Structure formats: C-alpha cells, structure tokens
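Residue-level structure breakdown
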Amino acid sequence: MTETILTTRMVAHPADSHTIDRYLATGGYDALRKAVTEMTPEDVAGEVKASNMRGRGGAGFPTGVKWGFLPDTYPRYLVVNCDESEPGTFNDRQLTERDPHQLLEGAIISSYALGVSQAFVYIRGEYPKGARRLQRAIDEATAAGFLGENILDSDFSLTVTIHLGGGAYICGEETALLNSLEGRRGEPRLKPPFPAIEGLYAKPTIVNNVESISNIPWITLNGGNAYASIGPERSAGTKMLSISGHINKPGNYEIVMGMTWRELIYEVGGGIPGDKGLKAWIPGGASAPWFIPSLHLDTLVTFDDVGQNGSMIGAGAVVVMDETTDVVAAAHSIVRFFAHESCGQCTPCREGTSWLQAVLERIMSGGGRLEDIDLLLDVSDNISPGLKWPPAMTTICPLGPSATAPVSSIIKYFRDEVEAMIGTTEVANV
Amino acid sequence: MSDATSTVSITINGVDHEVEAGARLISAAERVGEYIPRFCHHDKLEPVGKCRMCLVEVEGPRGSQLVPSCTMPVSDGMVVDTQSDVVKKAQEGVLEFLLINHPLDCPVCDKGGECPLQDQAYSHGPGESRFVEEKRTFVKPIPVSDVVLLDRERCVLCDRCVRVADDIAGDPLLVFNERGNQVQILTFPGEPFASYFSGNTVQVCPVGALTSVDYRFKARPWDLVSTTSVSLRDTVHSNVEIHTSRGKVVRVYGAENDSVNDGWLSDKDRFSFSALDAEDRVTTPLVATGDGFAEATWPEAIDTVAARLGSCMGTEVGSIGGANNTNEEAYVLSKFMRSVIGTPHIDAQLGDGINPQLAAAVTPRATLTDLDSVSTIFVWGPDLKETLPVLYLRVRKAVRNGTNLVVASPAATGLDGIATHVIRYRAGAGHDALRKLASGDGSLKVVSHLLAAGSVVTLFGRSSISEDERLAEAVASFARTLDGPGSLPLLGRGNTFGALDMGLANNLLPGRVSTGDAAGAAAIEDAWGLIPESAGLDTMGMLNAAVAGDIKAIVLVGADPVRDCPDPALAVAALEAAEFVVAIDAFVTDSSTHADVILPAALWSEVEGSVTNLEGRVQSVQSALPPKGRARSLIGTLSDVASAMGADLNAHDVAIVSKEIASVAPAYGGVSRDFLIFEGDADGVIVPTTAGHQPLGYIATDVSVPLVTDRFTLHFPRSMYDDGVTTRHAGSISGLVNESFVRINPRDASMLAVEDGSTVELAGTIRMPARLDPEVSEGSVVVPFNVEATKGLTASASLSVQAVRGEG
C-alpha cells in the first residue's frame, strides 16, 4: 500500500518540489498538454467522472457529478477552496506550499474541462507562504505558456487569481466563500440556488477543494479508471489525512482508504506517546462526532464506513486523544471555536453555540448542575434536531450543528466524566 | 375556479389548498388562514431566511424536513405540517434563543404591547427560559441618525432595516458588524443613517431596537387611537395611520396601499406632524396693529375681512394658495372667490408649476401601478428623490424588477445611479435636447431607440422653478408619441391636483372644466349663480397687478410667496402695495407678516375630506384631532365670511360640500365622500381621465421654448429638507435642512478661478461657498431653492456668477 498520487514529488524532492524546474523535470504539465492537444473538454470531464473521486473538502460529493450540474451558460467560474480552517486539518496547506504547480495544473485542466476562462483560488489569510508560492507558480506558468492567452497554442485562455481570506472559518463554506470573494460579508447563502447554477457574481460556478483539484493532473494522465481502481469502490483514490493530537508521528499522510482505524492510529501514526491508552479520536475534523476504541477501532477508514457509524472523514483531520484527556475541556475548546466562528446571521447558531460554550464554561469552573447535561443536549437538539447523522439543522449552514458534535459525543460516551465534574456542586450558586 | 397555470395544490396540516404558484410558503399559508410565526420575513422585502422562526416540516424524498417557509416556494403536491411536535420544538427553540440575550425591558420599551417578539413569545414560545448565564450587553441606545435611535440589546438581527435601507431606499448605510453572538447593526464610522426613508426601518423593526426620536417614551400602544388617512407632504398621497394619544398626534405610520405607496413613507411624510404642535403656531385670529399683531375674536376678524373684501370690486381681489387643503376646502374657496367675490384671479400654484389644464387633464394619463408593467420609465422633471420621494421608491422598485429608466436633468438626480440612460442638458437648453431626442438621431439615438422600443410611462414636470414651464409641455407632447399608458405630471405641493380639479386655477372651473367652456361654465353657474366669464390672472400676474394697483386685496391660503415663488422681491412689493391682505395660515410667515388679518387655519389631520393625487386618485383624509386652539377649517371660515357678506355657500359641513362636488364638478361625478368610504375601492378611486364625465382632455403641443444663451443659466431645484414652513416647524426634522452650496461644473469653475469651497457671488447679491461637481452640465449653476442662504434670489433663467477674492 505505497501508492501515492499527491505527495510523490514532495516526498522524493523535499528541497525543491515547489519549483517549476522540478515540476517540469518530473512530468509536470504533461497532463495539461495532453488535455488541450489530445482531449476535448468533455473527454477530461468524462475521465474525472469515471475516477469516482469524491470531493475532498468534507462533504464527499463526487466531483465529476458536481461538474455535470453546470447549465449551458457562460461565463462560468472555477473557485479553488484553500480556506482550510477546520482545526486539525493542514493537508491543503502542504499541497499548496510544497507542490503549487500540481494544484495550478489541476486548476488549469479543470478550467479547460469546465469552459472556464477565469479561475480563483481563495486562500486563507494565515497561509501567506502557500499564497506566495502559488503566485510564483502562476507567474512561472504564465511565462511558460501554460497559463494566459492561448495556452499551449490552443484557443483556450485562462486567468487564475489568488484571493486571500480575512480569517473567517465560515468562508470555507462554499457560498460564504463566494460572498467573501465578491466583497460581501462572509455569510453562507440560502440554497438553492446552488453555486453550480448561480454562484460567483450570480454565474454558474464550481467550487472544488485543493486536494480534489490536485488530483486532476494524475487522473488526466492516467485515466479515470486507473484512479477508480485504487482503494475501495466508493472511496476511490488516495486520501490525505492530517493526524494530530496524542500521536507519535503527527503529520500528513497520503493513504489508500480501506484500512482500519487501528491500523491508521497504531501503524501509520505510530501509536500513542508513552504507550498511554486511547480514549477517543475525531475521525474527520472538529465538526465530526467522535469515535471511541471500544466501538470503532476496527471500523474501516472509508467515507461510507465512517458515515454509517455516525461520523465523517470530512476534510481528513484525525485528532487523537489519550486517556489523560479532559473531555469536557476538549469539547469546550471545539465549541468555543465554533461559537467564535459563527457568522451570526441565523438565530440558532448565533445564540445556541455561545450558549453551549457558556454552559460548558460554567461546568468547568465548578458551577455545573446535573440538569445542565439535559440542557446541553436539548440546546444542541434545537440546533440540530434529533442529533442524528447526517445532521438535521434548524440553521442555514452546517456550522451550528458542527458545534453540537463534541457536546453530544462527550455526553454519549463520557457522561460519567461530565457528571463527575459537576459532581457535588449541584447546589452551586448560578 | 382556480386557473391551473397560476395555482398549485398543497396540503397544509392535512387540508388541501389551492395557492398561487410561485408564492412563498409562508405567504401562501397565511392567505389560507395558517399563520406561521416570523421575524425576518416581510412581504415587501426579499427573503433572507435568517431568523428561522418560520421553520415548518415539508415532506420530501428523504422524509419530512424542517425548512424555512419564508424562502421556500410552494410547489404542486407539497405536503406541509406547521404544527407537528418537531415544528413546535424548533419554533420554541428559536424563540428561546432569541430571548436568552434579550433585555426583557418591555415595561420601558416603546414596542411593548405591539411587539411581534412579545406576541410570538406568547403564542409560540416555550413559556420559560433555561438561560442562567450572563446576558450580552451593549451601550444603549445609540443614535444612528438625527431621527432614529438603535438599541442593539433588543435587536433580533432580522435584517429588515438593512434590506429597507439597501434595497428599498438605495441608502446602504446600515450594516452588520462583528460576527457570532457579537453581531450588531451599526452605521459606518462618521456616516450616519442619513436617509430620506429612515423612518421605515423603525416601522418594520419587529422589536424595539429602532425607535424614532419623536415617539420615544411618548405613549403606550394600547393608548393610541389610530386614524386612517393619507399624507399631504407631496402629491403621491401615501397612505398613513395617524396615531394620537391624549389629544396629540404622536406618530405616523405608513399604511399598505399597493396602488400608491406599498406601505412606505418618506421621513417628511412621517415626521412632519410635530409642526402641528409647534409653539409659534397661530391658534387665534390676529389683526395687524401697525407694529405687530393683536389677538382678535373670530367675529371681529370675520367682520373685518368681509368688510374689506366687500369694499373692493370683485376683480380687484385675488387668491393665492390652497394647494395644501382638502378638495372640499378648495372647492369652497373656488366657489367663494368666483361666486361671492366675483373674481377669476385664483391660483393654487405659486409660479413654480405647469399649465393647470395640462396638470389636471393630461391625456392619456398613466397610473402609479403602470410603472410596474411598462418596459421603460422616462423622467423629465424635478429630482424625484427630493420632491416626490415615495414616487422615487416606486421607480426604484420597477427598476429592481428590470424596467429601463431614462432620466433627463441639468444636474445629477437621485435616480441617476440606477438609470439606463441619463440625458444631461444645460439649464435653459432643454428644448434642444428634447428635439435631438425626438429626431431619433445624433447623440441621443440610443435613448430614442429605447423609448421607441416598448411601452413607456413619462413623468414630466419642471426640473426646477427657474425652468421655463413650456418645456414640460413640450416633453408631455413628445411623450404622446411614445407607446404605453401615458404620462404623469409632477407637481410637489400636497393637494395641488385636487385644488386644480376644484378650480383653484385662473383657467379652470371645478371638475376640470376650462374657463373657455361656455356650456361647462353655464352648468356651474346653475349651481353657484353668476361667475366671471373669462380666465383670470395666475399668481405672478396677480402680484404684478397688485404692484400696478389693479389688485387691491389678496387672500393668501397657506401660501408664502415671499419665500416660495420665482420673484420674492415682487411678492414683497405686491403685498405691501395691496390695500388689504388676509392670510389664512397656521404660521406667521415672511408673507403673512404683511397681512392685515391672519385667520388661524386647521392643518392636515385636523380636517376631514377628500384629496386627489398626481394620477387623479381620490382618497379620503380623516381628522384625527380637532383643530388646535381656535383654528378652523377653511370651509367654516369662508362660510362665515360669505355669510357676513350676505351670501350662503351652502357649506355647512364636509358631507354637504362633498355631495355638491359630486354633482357639480363633472370629472367627479358621483365621487362623494360617502362613495369613497362606503362603496369605493380601499385604494381610492381614480376619477375618469378620458370618457364619461371628463370634460377636458388636454393634448399637449410641442410649444417652442426659447434657448437661454447667457453665460450662466440657473438650475434652482428644491430639496426634501428645504426651509419650507412645515419643515421649519417640525422639531425632529427641522435640523436636517441641507447645507447650502452652489454647485458648478469644474471647467466653468476653473475659468472663473473658483475652487471647491471658495466663495462665489450670485446675481451680485448672494454669496455662497462653491462645490465643484462634474455632474452639473457646463454653463449651468445649481443653487438650492428655498433655503436661508438663497432667500430673495429671483428664479430667473440666468444669473451672474463671480468669484469672490480673498474669501473662502
């Protein structure tokens, strides 16, 4: 299981994988040349559809199917989402900083396939190095004729523009991102209409994640079927996972899905420091419900297996917690993040997330009451009715429901610990 | 039977309904009697789905889902549950969320008692709060403008005010700041919410977050008495609710009339009412003593007026004004002057209007709702934003929905920003531009083609008081060559159209009868007795005649020609030359100060009657209060003067006058107040403009308008907050009178060596700071009319402009 697609170059050539010289020396822009000289846009889109690649941004929606939603109107836009802000995710950062040409080539080929002549890359403001390197890549590619007017002497022309975000997690939500790109407040839009129908500047727009786009050159060169043959059928290809927390070898890993979580944590990640016990882990970023060893260690790392067990692969952030973890503090840390990042436009998220935060803080400071457990669950329920998976929501976007995941997880799996913290302080003066 | 193409079948709570296709679920449900609670939803605003109060369950392919009914369009076969346990829990949850940080200061909140948050907490809330944490606090309240205050603690962030400001008014000055639970509505630093429509945000606010300076702490909603009426601040006649408490008007709210104002008001409509209780209001008859005025009794004053008017020959008397009165008052004034005094010298306009026959009977005449359905709106007249603000909103609405807009003016207007084409012409050279447009060639070719390409409503009037009134007639004539429902004349003063229709014009008799129409005049004589045969003098003619000694007595009815006519010096001379001046007014003005007798006049909200707007729509105004002090309605005042002169006007009350109008004034045949109130449409009645009773169809002709060739031509426009009598006396808006500048094109400025901010001298008399403005046509200077700084300046077509050295 040593197959790699995305990280091959950066692993083999860590010193200069981001340069155009290294990129060209390792087959760079061959895929673009193939696309514009040998393939029609429909051919390229067909390969992407055949690859069965599911979007790497979190929702796991097949990229080729999404591309097929575009109505037959122009102009259209491609927006590459590099607003990677989910606590625990850092794989887009590495793909952007260490192999910007791979990302750029993917964006150019995708634009060709989609009939786009203006693409944007929305990069979070906290990633200046990635933005710098991608801008240099754009300049180099333009000078080399891979970008700009009449790319590789074809009649395909493209401009790629980088936009730096202002530091809001919510701008990773695709419609909030589009608002931000248009100069408006970063607030999610009502859907429908979906961006493919009415997106940036009210034009058909495809928003794809960095990792998804970075796969496009490989798919173009090797064919969609080759990609689809890697890994389990409904979790085709490789997946970047960012493993962090109480783990011996934290970092980004490009894996073929289908292994167990036990293998991922103990073999890929090297196990827990000090051989401490594993208490829980978050399989797919801060917004995902938690997994625990007694139930999930032998669950497979695939989109569907994780989903059927009530959580998600998400953007690929695995956060490992050992037996010493204070789960209330951990959940509070996540809830505080979401309360802080709520855009505030809809009531349940604006008021509910900060209420959850306040209750957790009161419990942590010794003011907890036993009824607070039911209160936490019911406030969560009023944001995400039924606390089911995939989450229902009373909100405009999934941010509010995301904040309920850690709350319901700790009460579900560690209720005794929460009760213990509330402990004898039942009569606490509030 | 329902039309299959325009309705769909939906099921709400197990009951099948046919509802309008394309409607939002929340509105469709409401129309069939299922009320879904809401805060952000508003019928006149685009949906935003923010408050989440209106969540309901809709069955879908993946089972029932909670959806916001305000954003969800109905579709055929939709199955909806608005009362399920899931819905109830979601709604209770949202209400609890809205209340956790709410200050619950209802006992001292102006909204308490009429508050959707209170009401829906009662009907759809959980009944108790589980929130024991510390509430969010903000400094409160903060002024967002001179007339509106914001309490951020009460705000539920429904986005209504922002949408009103952005979408409806076009003043994007309110914004969401911060994020998460620190989100708050604010203005930009240093940029107050200076909108002509700011009061609408107070009215649409579903909580007590936005309050008006005027109403704050003045009354409890359950103490308010509400009277339905229409505003007379301009000729649109926006529908209003007048709210009184303990004998005072304390608030004016917009009322929904989709044919007229969609529920919106200008701040002038809304906040002018405080002039009613102005300290210096005249509330008792005053008689000049030589060095001021002394209070008199009504009988003394009436006797004096009757004696002095009676001592003149009929044609030695003239009356000026009456455009702010009701139709019934105007009719009685017309009858009094023509049949009792025997004079044809009557004018409700003050030299700033257009030919009365054109204004009253332009053919064909469009309606306001026509604006919603034509392909292009063509505006050639005053700046609508400044003079007819609610009409400005209606034009904006049409343009939002895709209508083209063409605007012609010597300087920028409020509509330019959304116009498809702007025709900029030099003041005094409008006829040249019009000829170019009509030729369909040359530089205005594209505009000509657009106007020729579809149906058009033309809104025409004088762009300012210094513009030749014949240009408006030429524009109206051109408009007749365009396809579409016709034109609307633009005049500003409250009930000008009603006054003209009642014969308050030198060339019109009641019911749009021309003074030249012998048969029409004879019919009126049957009812009134003898009246003068010929047309009379208009306001400027009367003023000149007074100076010449031919007019000896002047009746001023709510008119202030010294401040508000093209030639202030002439007005002063005329009032000084006249042997007798009686002013029927509510204030001592620069004009009534020349009067021998001032009779205190009842104002809007103190009289009942009917009024007619710019499209000819007759609506009813109600009295919310008795006249202040000893002020009286014009009907009573004139009846008593007539009676003292031995005549009977048969005007004992409004109902009698109204019936007489319905039988005597041809265009108003049958349109009595009884008809309006008991039989007419709730939106009012448009009196016929073509067939039936309409005696006069005015066909505008392309008159020749001489080109003004002087070095500088004058554009002398009104602004909303000018120094008019009412604005000056309305406390909360009196401070909003615009800053005064002369606006001049930068090229002209550089030739004159004038810089931005430096002082210029106009007509050798008036000095003002200059502002360079590339939107002013070259050769024109833009000077604000009726402000303190330009007091006394004649509205001539041209004027001299000079830089003042060593100043500014």
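In this convention, every chain numbers its residues from 1, walking through the sequence in written order. Each chain is given a letter, starting from A, and each ligand a number, starting from 1, according to the order in which they appear as written. The model is predicted, so local features are restricted to residues of pLDDT at least 70 and side-chain atom pairs to those at 80 or more, both for listing and for counting; the totals for chains, interfaces and linings are taken over all residues.

The secondary structure content of chain A amounts to 19 helices and eight strands. Each radius of gyration reported is based on C-alpha atoms, and the globular scaling rule is 2.2 Å times the count of residues to the power 0.38. The C-alpha radius of gyration computed for chain A amounts to 22 Å, which stays within 12% of the reference 22 Å derived for 430 residues, consistent with globular compactness. Each principal axis of the C-alpha distribution contributes one length, and for chain A these read about 80 × 45 × 35 Å. With C-beta atoms placed from the backbone, a residue is labelled by how many other C-beta atoms lie within 10 Å of its own: buried for 20 or more, exposed for 12 or fewer, partly exposed between the two. Evaluated residue by residue, chain A yields a buried proportion of 58% over its 430 residues. Within chain A, contacts between residues separated by at least 24 positions form 72% of all contacts whose residues are at least 6 apart in sequence. Helix and strand assignments come from DSSP, with helices taken as H or I runs of at least 4 residues and strands as E runs of at least 2, each series counted from the N terminus. A pair of residues counts as a contact when their C-beta atoms, built from backbone coordinates, are separated by no more than 7 Å.

Residues and elements named next belong to chain B. Strands are labelled as partners when DSSP assigns at least two bridges between them. The three strands lie next to each other as β6-β7-β10, forming an open sheet whose pairing is antiparallel. The sheet is open, and its two edges are formed by β6 (142-143) and β10 (210-212), each paired on a single side. Relative to β10, strand β7 (residues 148-150) is paired through three bridges, and the arrangement is antiparallel. Of the residues in β10, the one forming a bridge with Val-148 is Ser-212.

Here the focus is the interface of chain B and chain A. Contact with chain B, which involves 24 residues of that partner, is made by 26 residues of chain A. Broken down by element, the side of chain B that touches chain A gets its largest block of residues, seven residues, from helix α2 (residues 85-100) of chain B. Grouping the constituent residues of the side of chain B that touches chain A by class yields 13 nonpolar, six polar and five charged. Lys, Arg, Asp and Glu make up the charged group, whereas Ala, Val, Leu, Ile, Met, Phe, Trp, Tyr, Cys and Pro make up the nonpolar group; the residues left over, Gly among them, are polar.

This brings us to unusual backbone geometry. Residues and elements named next belong to chain A. With an omega dihedral of 0°, the bond running from Pro-192 to Pro-193 counts as a cis peptide bond. Structurally, the position occupied by Pro-193 is in the loop between α9 (174-181) and β4 (205-209). Its identity as a non-glycine residue notwithstanding, Leu-152 has a phi of 50°, on the positive side. Structurally, the position occupied by Leu-152 is in the loop between α8 (128-143) and β3 (159-164). Overall, Leu-152 belongs to the partly exposed group, with 16 C-beta atoms counted inside 10 Å.

Let's shift gears to the confidence of the model for chain B. On average, residues of chain B score 95 in pLDDT, and 99% of them reach the 70 mark or higher. Predicted complex metrics record ipTM = 0.95 and pTM = 0.94. pLDDT expresses, on a scale from 0 to 100, how confident the predictor is about each individual residue.

Attention now moves to helix α17 (residues 539-548) of chain B. Residue and element names in this part refer to chain B. For α17, every residue scored as buried is listed here: Thr-539, Met-542, Leu-543, Ala-545 and Ala-546. Taken down its axis, α17 places every buried residue within 165° of arc, on the same side. In this structure, the buried residues of α17 make contact with β16 (317-321), β17 (346-347), β25 (553-557) and α18 (568-577). Note that the arc is defined by the directions from the helix axis to the C-beta atoms.

What follows covers the sheet that holds strand β11 (residues 225-230) of chain B. Residue and element names in this part refer to chain B. The three strands are arranged β11-β12-β13 in an open sheet whose pairing can be described as antiparallel. In the strand order of this sheet, the two ends are held by β11 and β13 (248-254), each with one partner. Neighbour to neighbour, the strand axes of the sheet diverge by 30° on average, direction disregarded. Angles run from 0 to 180 degrees between N-to-C directions of axes, and those axes are lines fitted to C-alpha atoms, restricted for helices to the stretch in contact.

As a further point, take the nonpolar core. Residues Val79(A) and Ile554(B) are the most contacted members of the largest nonpolar core, which totals 348 residues. Discounting residues that sit within four places of it in the chain, Ile554(B) has contacts with Gly318(B), Ile320(B), Met542(B), Ala546(B), Leu575(B), Ala578(B) and Val581(B). Nonpolar cores are built from buried Ala, Val, Leu, Ile, Met, Phe, Trp, Tyr and Cys residues. These are joined into a set through C-beta atoms within 7 Å. Core analysis: the second largest hydrophobic core is formed by 23 residues, Phe712(B), Ala770(B), Val783(B) and Ala795(B) among them.

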